[in-house]
Amino acid sequence: MRLSSPPPDLWTLLWIVLLSNAMGCIQSIRCKPKSFRESVVVLEVNSSIDSNPTSIDESSSVVLRYRTPHFRALARVLVPPVAGKETWTIGWIQACNHMEFYNKYGSKGMSSWELPDLRDHKIQAISDSDGVNYPWYGNTTETCTIIGPTKKDSKFTVSMNDNFYPSVTWGVPVSDSNVPQLSSIHRDQSFTTWLVAINRATSETLVLQTIRWRMQLHIQVDPDRALGHRAVLHEPVTQEQPRILGKNEPIPPNAMVKPNANDAQVLMWRPKMGDPVVVIPPKY
């Protein structure tokens, strides 16, 4: 039996219905805005430690000063138009994972800057925030805030740098005497630095990039020599370069909150004979 074809007007109506449905699906896909998580793009990340060696300053008769090369990190970020009323801050968060900082005074003992909770493995890491803009490392070049809704792409650069510039007493820190007895300085610290986006309203946190870096230092000192000729920098003279990780690492909770490393650190005197003494307690 042969079936008759639908009249032309019915074909036209069916075509219009199918086309409308198809266009509706296409438009809904095209017009549905991507979430911030899906749309933010890291265009470029660079990280390095300057090639210059640590400089030593013996101009003071009270303290030896040294200045390490700078660690630097820079990222270029693209944020497409933000449809909703959202506010996001993108920037750098840093935490200290490991710290050895010993100043030896011959046969007397050594002073040691310590982070007790990190030393005792109670925490994985401690915040290295500036102490004001938690959890951010800083709030000038280190962060950028996007306030939605926005109509255009937002392209920006966030950068940070870090180095050490401490003073170490020539004499034993628990003594009234300033007789030079400092014999060596040893420092070995490791850090993780994250490029992060945080929603200001919900605290949703997106890790965009992870960097690991380390600073090592060994200075040998002859306290019997004349001021200006006592200290010699030993290996490593050039620092190992940072590693930009292929897979991001999560941020430990203590890296996001108070206290920061500067406020939590304690200066101890650990004599060869006798009990340890707290020279400078924590600030928090």
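Residues numbered from 1 in each chain as written. Predicted model: local features only at pLDDT ≥ 70, side-chain atom pairs only at ≥ 80, totals over all residues. Heavy atoms only, no water.

A.B. asks: Would you take a moment to explain the nonpolar core for this structure?
C.D. replies: Considering soluble globular proteins, one finds that nonpolar side chains tend to be buried as a cluster. Grouped together as the largest cluster of nonpolar side chains are 52 residues, with contacts concentrated most on Phe36, Val79, Ile90 and Trp92. Tallying contributions element by element places strand 12 (residues 205–221) first for this core, with eight residues. Counting residues in each nonpolar core, the second largest holds nine residues, with Ala95, Ala125, Ile198 and Ile251 among its members. (Core = buried A, V, L, I, M, F, W, Y, C linked by side-chain atoms within 4.5 Å. Buried < 20%, exposed > 50% of the residue type's maximum accessible area, 1.4 Å probe, protein only. Helix = DSSP H or I, 4+ residues; strand = E, 2+ residues; numbered from the N terminus.)

A.B. asks: Mind showing me how you'd approach the packing of aromatic side chains here?
C.D. replies: The geometry of two aromatic rings is summed up by the distance between their centres and the angle between their planes. Scanning the entire structure with this criterion turns up five aromatic pairs. With a centroid separation of 4.0 Å and 5° between ring planes, the pair formed by Phe36 and Trp88 is classed as stacked. Note that Phe36 is positioned in helix 2 (residues 36–39) and Trp88 in strand 5 (residues 87–105), a separation of 52 residues in sequence. With a relative accessible area of 4%, Phe36 lands in the buried category. Each residue in the set Phe71, Phe164, Phe191 and Trp213 is aromatic and connected to the rest through ring pairs, giving one cluster. Directly above the ring of Trp170 sits Arg230, whose terminal nitrogen or CZ lies 4.6 Å from the centroid. (Phe/Tyr/Trp six-rings, centres within 6.5 Å; stacked < 30°, edge-to-face > 60°. Lys NZ or Arg CZ within 6 Å of the ring centre and 35° of its normal.)

A.B. asks: Even after reading the chapter, I still don't get the pairing of strand 9 (residues 154–162), so can you show me in this structure?
C.D. replies: Two faces, one strand: in a regular strand the side chains alternate between the faces of the sheet. Alternating positions in strand 9 separate cleanly, Ser154, Phe156, Val158, Met160 and Asp162 being buried on one face and Lys155, Thr157, Ser159 and Asn161 remaining unburied on the opposite face. Inspection of the sheet shows strand 4 (residues 71–79) paired to strand 9 by nine bridges, in the antiparallel sense. Residue pairing across strands places Ala73 opposite Met160, the latter belonging to strand 9. (Pairing = 2+ DSSP bridges.)

A.B. asks: Explain the sheet that holds strand 1 (residues 41–49) to me, please; I cannot follow it from the model alone.
C.D. replies: Note on sheets: strands pair through backbone hydrogen bonds, and any given pair is parallel or antiparallel. Here we have three strands laid out as an open sheet, ordered 1-4-9, and antiparallel in their pairing. With one partner strand each, in any of the chains shown, strand 1 and strand 9 form the two edges of the open sheet. Put simply, the sheet's adjacent strands are angled 10° from each other on average, direction ignored. (Axes fitted to C-alpha atoms, helices over the stretch in contact; angles between N-to-C directions.)

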